[in-house]
2 protein chains.
Amino acid sequence: MKREKKAEVFREFIVREGLKSTRQREIILDFFLSSKRHMSVEELYRKLRARHPSIGYATVCRTLKLFAQSGIAHEMRFGDGQTRYEHIAEGEHHDHLVCTGCGTIAEFENKTIEELQASVADSHGFLIHSHKLELYGLCARCRK
Amino acid sequence: MKREKKAEVFREFIVREGLKSTRQREIILDFFLSSKRHMSVEELYRKLRARHPSIGYATVCRTLKLFAQSGIAHEMRFGDGQTRYEHIAEGEHHDHLVCTGCGTIAEFENKTIEELQASVADSHGFLIHSHKLELYGLCARCRK
DNA sequence: ATGTATTTTGATAATCATTCTCAATTAGGA
DNA sequence: TCCTAATTGAGAATGATTATCAAAATACAT
Ligand SMILES: [Mn+2]
Ligand SMILES: [Mn+2]
Ligand SMILES: [Zn+2]
Ligand SMILES: [Zn+2]
């Protein structure tokens with residue numbers, strides 16, 4: 001039921017912000033929530049176009065940005081020039097292992113690292129708003 | 001003397017790779033090694049242009065990339081659309097605190113975080129080649 | 001249900017940092 | 001010095017994203 005929850009959060013955001021519910025936004029929301037994680041804009045656009053050829057690229061870009069603003073998605077860049085999005089629930093967080101061989105992206109959580117980050121920030125008088133931790137290298141399959 | 005050491009490492013790289021030592025490369029090297037850290041290509045280009053108006057932007061881009069290849073520099077992107085470079089000595093490493101208020105970039109090292117990253121990678125059978133850890137937020141000055 | 005003001009859409013143009021192209025220049029070994 | 005390959009600078013190209021804008025759709029009041 002996580003999926004319908006995210007859809008609901010987005011719909012509430014639309015109302016709260018005085019935006020409008022449109023056929024395109026609902027379609028993109030549906031595709032996005034059922035897509036694999038870390039999809040690029042281009043990938044999602046191609047997937048959509050197969051069933052909804054009339055939806056424009058700009059609308060996909062704009063809508064994904066709205067997803068991020070509403071809190072149901074994270075925007076990320078892994079250095080390949082593509083902007084990627086993943087849907088995520090409130091409070092969830094994880095970091096990424098990015099395989100430079102095959103492009104596979106694995107996820108991990110490490111509470112201790114997060115705590116150490118916080119203590120580093122404290123010692124600098126710095127107030128953390130967000131962070132990015134990415135490990136680049138070869139996945140188990142690619143290293144052989 | 002760290003500076004002359006880096007210059008020497010780059011010159012050896014040039015020879016080893018069969019490249020040529022040029023007036024432009026020496027000038028850019030000199031400016032780069034004496035510039036503040038985390039300079040964007042644009043910033044370095046403007047600094048250079050004041051004294052050497054004939055050096056082209058493309059040459060600056062190409063030369064900074066060579067610095068990174070030779071190991072005397074790191075290329076980095078903090079999400080503002082600019083590619084930045086910092087000169088760094090062999091074996092050195094640090095991560096960054098990026099102030100979203102004033103753009104200030106602070107540096108830190110944390111051996112424990114690095115070790116935990118390695119153990120995360122191990123547990124995934126992943127071979128780390130590089131990593132990126134950036135903390136975004138407000139610096140001590142901007143948070144007041 | 002109908003009208004109306006406002007938002008949204010899709011096609012296309014614009015953006016913008018970076019990279020590419022290529023003729024002219026330069027470096028450096030023979 | 002000569003020769004060849006590398007380098008340079010100017011401008012074009014790139015490519016993902018964003019802006020523009022007329023047409024379409026939505027939300028709400030009548
Ligand atoms: Mn993820
Ligand atoms: Mn640094
Ligand atoms: Zn892989
Ligand atoms: Zn600041």
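Remember, predicted model here, so these are calculated numbers, not experimental data.

**Q** How do you make sense of the relation of the copies chain A and chain B when you look at a structure like this?
**A** Copy one and copy two of the chain differ by a rotation about an axis and a translation along that axis. Rotating chain A by 180° about the axis while translating it 0.0 Å along that axis superimposes it on chain B, leaving an RMSD of 0.1 Å. Such a combination of rotation and displacement between the chain copies is what one expects of a two-fold axis. Measuring from the rotation axis to each C-alpha of chain A, the shortest distance belongs to Leu133 of chain A, at 2.2 Å.

**Q** How do you make sense of the packing of aromatic side chains when you look at a structure like this?
**A** How two aromatic rings sit relative to each other is given by the distance of their centres and the angle of their planes. The final tally for this structure, using the stated rule, is 8 aromatic pairs over all chains. Measuring from ring centre to ring centre gives 5.2 Å for Phe32 of chain A and Phe67 of chain A, while their planes differ by 25°; the resulting arrangement is stacked. Residue Phe32 of chain A is found in helix α2 (residues 23-33), and its partner Phe67 of chain A is found in helix α4 (residues 57-70); the two are separated by 35 residues along the sequence. Summarising the burial analysis for this pair, Phe32 of chain A and Phe67 of chain A share the class buried. A centroid spacing of 6.2 Å and a plane angle of 25° characterise the contact between Phe10 of chain B and Phe13 of chain B, whose relative ring orientation is stacked. A residue pair is termed a helical-turn pair when its members lie 3 or 4 positions apart in one helix, as Phe10 of chain B and Phe13 of chain B do in helix α1 (residues 2-16) at 3 residues. For the pair shown, Phe10 of chain B and Phe13 of chain B are each scored as buried.

**Q** Just checking my understanding: could you explain the protein's contact with DNA strand C for this structure?
**A** The local shell around DNA strand C holds 21 residues, among which Lys20, Thr22, Arg25 and Thr59 of chain A together with Thr83 of chain B are the closest. When the atoms of DNA strand C within 4 Å of the protein are grouped by moiety, sugar and phosphate amount to 75% of the total. Between DNA strand C and Ser54 of chain A, the relevant distance is 3.1 Å, taken from a phosphate oxygen to a main-chain nitrogen or oxygen of the residue. Elements supplying a minimum of two residues to the surface near DNA strand C: α2 and α4 of chain A together with α4 (57-70) of chain B. A per-element tally of the surface near DNA strand C places α4 of chain B first, with 5 residues. Looking at the surface near DNA strand C residue by residue, the class counts come to 6 nonpolar, 9 polar and 6 charged.

**Q** What is the right way to look at the pattern of salt bridges in this model?
**A** Should the charged atoms of two oppositely charged side chains come close, the side chains can pair. The full count for this structure, using the stated rule, is 26 salt bridges over all chains. Between Glu75 of chain A and Lys65 of chain A there is a salt bridge whose closest N-O contact spans 2.9 Å. Placement of Glu75 of chain A in strand β2 (residues 73-77) and of Lys65 of chain A in helix α4 is noted, with a sequence separation of 10 residues between them. Salt-bridge contacts for Arg46 of chain B lead to Glu42 of chain B; the nearest nitrogen and oxygen are separated by 3.0 Å. Remark: Glu42 of chain B and Arg46 of chain B occur in helix α3 (residues 41-51); sequence separation between them is 4 residues, near one turn of the helix. For Arg46 of chain B, a relative accessible area of 44% puts it in the partly exposed group. Accessibility expressed as a relative area gives 28% for Glu42 of chain B, which makes it partly exposed. Put simply, Glu4, Glu8, Arg11 and Glu26 of chain A are held in one network by salt bridges that share partners.

Rules behind the numbers
- Residue positions within a chain follow its written sequence, with the count starting from 1.
- Whichever chain is written first becomes A and whichever ligand is written first becomes 1, with later ones labelled in order.
- Side-chain atom pairs in this predicted model are given and counted only at pLDDT of 80 or more, local residue features only at pLDDT of at least 70, and totals for whole chains, interfaces and linings cover all residues.
- Excluding hydrogens and water, the side-chain figures rest on all heavy atoms present in the structure.
- When the copies are superposed, the least-squares fit draws on C-alpha atoms of residues that have pLDDT of at least 70 in both.
- Centres within 6.5 Å are what make two rings of Phe, Tyr or Trp a pair, Trp counting through its six-membered ring; a difference in plane orientation under 30 degrees is then read as stacked, over 60 as edge-to-face, and the rest as tilted.
- To qualify as a helix, a DSSP run of H or I must reach at least 4 residues; to qualify as a strand, a run of E must reach at least 2; elements of each kind are numbered from the N terminus.
- For each residue, the accessible area found with a 1.4 Å probe, counting protein chains only, is set against the maximum for its type, and the residue is called buried under 20%, exposed over 50%, and partly exposed in between.
- Only heavy atoms are used to decide nearness, and a residue is near a molecule or strand if one of them lies within 4 Å of it.
- Under the rule applied, a polar contact is a pair of N or O atoms within 3.5 Å (in protein, one hydrogen donor and one hydrogen acceptor; residues adjacent in sequence only if both atoms are side-chain atoms).
- The residue classification treats Ala, Val, Leu, Ile, Met, Phe, Trp, Tyr, Cys and Pro as nonpolar and Asp, Glu, Lys and Arg as charged. All others, Gly included, are polar.
- Any carboxyl oxygen of Asp or Glu that lies within 4 Å of a side-chain nitrogen of Lys or Arg is treated as forming a salt bridge with it.

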